[in-house]
Amino acid sequence: MSLANTNAQSVVLSARSIGKYFYTPEKLKVLKDVQFDAYKGEFLTLVGKSGSGKSTLLYCLSTMDTDYEGDLFIDGERITGKHPTQLAAIRNHSIGFVFQFHYLLPEFSCLKNVMIPALKLGKYAYKEVEERAYQKLEILGVQDQALKPASKLSGGQQQRVSIARALINDPKIIMCDEPTGNLDSKNTQIVFDIFKQLAQNNAQTIIAVTHDTDFAAASDRTIELADGRIIN
Amino acid sequence: MARNVNLDIALTHLLTRKRQTIVAALGVTIGIGMYIFMNSLMAGFSRYARNEIFKMNPHMKIFREDEISVPLDGHSTEGNTMRVLINPAITTTSKSLLDPQRLLENVRQISFITNAMPQVNVDVFYNKGNSQCKGIANGINIAEADAMFNIGSTILSGSLEALQGNLGGIIIGKGIAEKLNLNLGDNLTISSSRGVLKIMKIVGVFSSGNKNTDESKSYVNIAAAQQLAKQGTTYITDIYANTINSNQALEFAQNVQTITPYKVEAWQTTNSDLLSGDVIRDIMNGTVSMTILLIAAFGIYNIMNMTITQKLNDIAILKATGFNGSDIVGIFLRESIFMGILGTVFGLAIGAICISVLSKVYVGGPIGTFPIYFDAKVFFRGAFFGIGLTALAGYLPARKAANIDPVSIFRK
Ligand SMILES: Nc1ncnc2c1ncn2[C@@H]1O[C@H](COP(=O)(O)OP(=O)(O)O)[C@@H](O)[C@H]1O
Ligand SMILES: [Mg+2]
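Residues numbered from 1 in each chain as written. Chains lettered and ligands numbered in written order. Predicted model: local features only at pLDDT ≥ 70, side-chain atom pairs only at ≥ 80, totals over all residues. Heavy atoms only, no water.

A.B. asks: How would you summarise the overall build of chain A if you had to cite specific residues and measurements?
C.D. replies: For chain A, the helix and strand inventory stands at 8 helices and 10 strands. Over its C-alpha atoms, taken along the principal directions, chain A stretches across nearly 45 × 35 × 35 Å. Within chain A, buried positions represent 56% of all 232 residues. Once local pairs closer than 6 in sequence are excluded, the contacts in chain A between residues at least 24 apart make up 71%. On chain A, roughly 10,100 Å² of surface is accessible, and the fraction owed to carbon and sulfur atoms is 47%. Side chains of chain A give 26 positive and 26 negative charges; the mean places of these two sets differ by 3 Å. (Helix = DSSP H or I, 4+ residues; strand = E, 2+ residues; numbered from the N terminus. Buried < 20%, exposed > 50% of the residue type's maximum accessible area, 1.4 Å probe, protein only. Contact = heavy atoms within 4.5 Å. Areas by Shrake-Rupley, 256 points an atom, 1.4 Å probe, with all protein chains shown as cover. Lys, Arg positive; Asp, Glu negative; His and termini not counted. Charge placed at Lys NZ, Arg CZ, Asp CG, Glu CD.)

A.B. asks: Let's hear about the interface of chain A and chain B: which residues, and what values?
C.D. replies: Listed as interface residues are 23 residues of chain A and, on the opposing side, 27 residues of chain B. In total, chain A and chain B occlude about 2,300 Å² of area from one another, counting both sides; carbon and sulfur atoms represent 65% of this. The largest contributions to the chain A side of the interface with chain B come from Y103, E107 and K120 of chain A, which together make up 27% of the buried area. Remark: the boundary between chain A and chain B carries 3 salt bridges. (Buried area = accessible area lost by both parts, 1.4 Å probe. Salt bridge = Lys/Arg side-chain N within 4 Å of Asp/Glu carboxyl O.)

A.B. asks: Mind laying out the environment of E251 of chain B, listing which residues take part and the relevant values?
C.D. replies: Structurally, the position occupied by E251 of chain B is in helix α8 (residues 249–257). Sequence separation of E251 of chain B and A266 of chain B is 15 residues, and the distance between their C-alpha atoms is 8.6 Å.

A.B. asks: Which residues make up a nonpolar patch on the surface, and what are the values?
C.D. replies: Taken together, the side chains of F45, I353, V357, V361, V363 and I367 of chain B define a hydrophobic patch exposed on the protein surface, amounting to about 460 Å² of accessible area. Checked against the element boundaries, V361 of chain B lands in the loop between α12 (325–358) and β11 (362–364). (Patch = residues over 30% accessible without salt bridge, like charges linked within 9 Å, V, L, I, M, F, W, Y side chains within 5 Å.)

A.B. asks: Talk me through helix α11 (residues 312–320) of chain B; I want residue IDs and the actual numbers.
C.D. replies: Taking burial as the measure, the 9 residues of α11 of chain B include 7 buried ones, the bulk of the element. G322 of chain B sits one or two positions beyond α11 of chain B and adopts a positive phi of about 115 degrees.

A.B. asks: Give me the lowdown on the pattern of salt bridges, citing residues and values where you can.
C.D. replies: All chains considered together, the criterion is met by 23 salt bridges over all chains. Residues R281 of chain B and D278 of chain B are paired through a salt bridge, measuring 2.8 Å at the closest nitrogen-oxygen approach. Highlighted residues: R281 of chain B and D278 of chain B, both in helix α10 (residues 272–310), separated by 3 residues, approximately one helical turn. For the pair R281 of chain B and D278 of chain B, a shared accessibility class is recorded, and that class is buried. When salt bridges that share partners are traced, they join K20, D65 and D67 of chain A into one network.

A.B. asks: So what's going on with the site of ligand 1? Which residues, and what values?
C.D. replies: Close to ligand 1 lie F22, T24, V30, K49, S50, G51, S52, G53, K54, S55 and T56 of chain A together with R411 of chain B. Positioned at a junction of chains, ligand 1 has nearby residues supplied by chains A and B. K54 of chain A places a main-chain nitrogen or oxygen 2.9 Å from an oxygen atom of ligand 1. Between T56 of chain A and ligand 1, the recorded distance is 2.4 Å, taken from a side-chain N or O atom to an oxygen atom. Protein contacts shield 68% of the accessible area of ligand 1, which totals 560 Å² for the unbound molecule. Ranked by residue count, the leading element in the shell around ligand 1 is helix α2 (residues 54–61) of chain A, at 3 residues. The residue makeup of the shell around ligand 1, split by class, is 2 nonpolar, 7 polar and 3 charged. (Near = heavy atom within 4 Å. Polar contact = N/O pair within 3.5 Å; in protein donor to acceptor, adjacent residues only side chain to side chain. Nonpolar A, V, L, I, M, F, W, Y, C, P; charged D, E, K, R; others polar.)

Okay, here's the thing in structure tokens:
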């Protein structure tokens, strides 16, 4: 694996010639030869017009979409072609995901929402998981909402809880699809600062799809997609 | 609180939808309750019917079958065949078994035979004045017969002991006593088909619960019956035998058949008409109770399908955060199994209550109280089917949930 050797210390995620087709309504190639590396501690943004393939790319990188061409490496390990159960385990410990529509589990408290991926991981005892979840909520400034049902929170608060959930297992990579798309400028700023800190202080890699040009401009590096191809 | 996260999620789902959970469980409860009730009633009724059969039938009978004359084959001598034609007719001249004592001893020595007794049956008329009625005098050793058929419990007046060794005594059916207006202690004239007349004293009256029997049957000593049949002391018409397991009587009868040329007939053969009714009843009962259980399971299936449709987002989230296919199956399977267990436990309880109440309800006639009884096997089967079918009913939607593609949900 020559590519991993060039920067073995710092390449966390590597996309090699990713291509993807959709077959309905007609055969359409939405990703074309996408190739890039993401480094440890890097705050990377993905931009491009609507329909340029940003979300599609992110789903491939997230291991949830396995129907693509090319190869994906995370931490130097080839992810492409692994069994769905292995992929689920990789998502559990190495990838945190933040969606545009915060998608919390409505029946559970905010705290429990944050805890669930850690309970699945099974690395810490229940009490410790609970403590860690409180810590994450605190980082995001929503610890006082911990015991409320997720559905009772405002949009900005919910998004912060879902970021706390993405952080709970200390993943190497945090992926976000328009994480600030539904937030006002104040909340957008908060989320941006959090990502910046995570990258700088925790050496976590952020890959965020965004529409927001200011948001992108302030990140470490921006990759621009057009018509399924990296142009910048 | 350190418990399995899949269980945790499943329980939260159930608790936040209490109504749905209860409705689904209730379906199972009703299904299992009905299943227990129907099967216990059937089991009780079968047992009652069996007992009725064994009041009069031993597990097997050994007797001399009527032989029919067959055409004699002609002696064929070089193409010249002579045929002798005869009308087929019963050729048995005596109903007696040859050397019955030895046969009886041999039968008694077989390991699966619990008891065996000889009998002499004679067709007779019971006469009083000008009234007459037809019947069968059953010559037995009353103690042996009581051991086999529990005759003592059918005695209305008089006693079995009074017949023991009393050659002039007779115990008659209630129907005979009523028809001929006879009472305990009265004398009765008996005439046999062999033309023997005998005056006997009524020492007991019985009621078997079967009208035909009560109107025709009487018990006398073997020696008295031999006199009525105008035969000697070796004359025995039937040997009755019971075995360790009435259900195996057919095999046992085949086995006994190897040591005697006489007909050995198991009770199932004698009562095949009743038993064919049993088979139909079992099929009907099986079909109905399975249908009820399937409907209950279908309720679970529907509710789980609905739940999963409502929870597509949650399933996608769980998968995105690292839950794999078998975790998802585990979560939803736990939910349906929980509803199944909840429903089954209450169903079993309701079944048990039904049984204990109904078994005390008097339905009258010779049946007495409701022939329903508590059979552990029925409960085990109910629990097995209840939980098994709901697990299966939950598994199908759960597997569907496990196959959901989270990306397609997030794109919406
Ligand atoms: N499930 C799908 N089936 C067919 N085409 C799709 C599907 N999802 C997305 N597309 C198409 O793929 C292209 C890229 O979509 P997407 O990745 O969502 O773009 P972006 O996130 O950059 O707006 C678009 O042309 C879109 O219409
Ligand atoms: Mg998009």
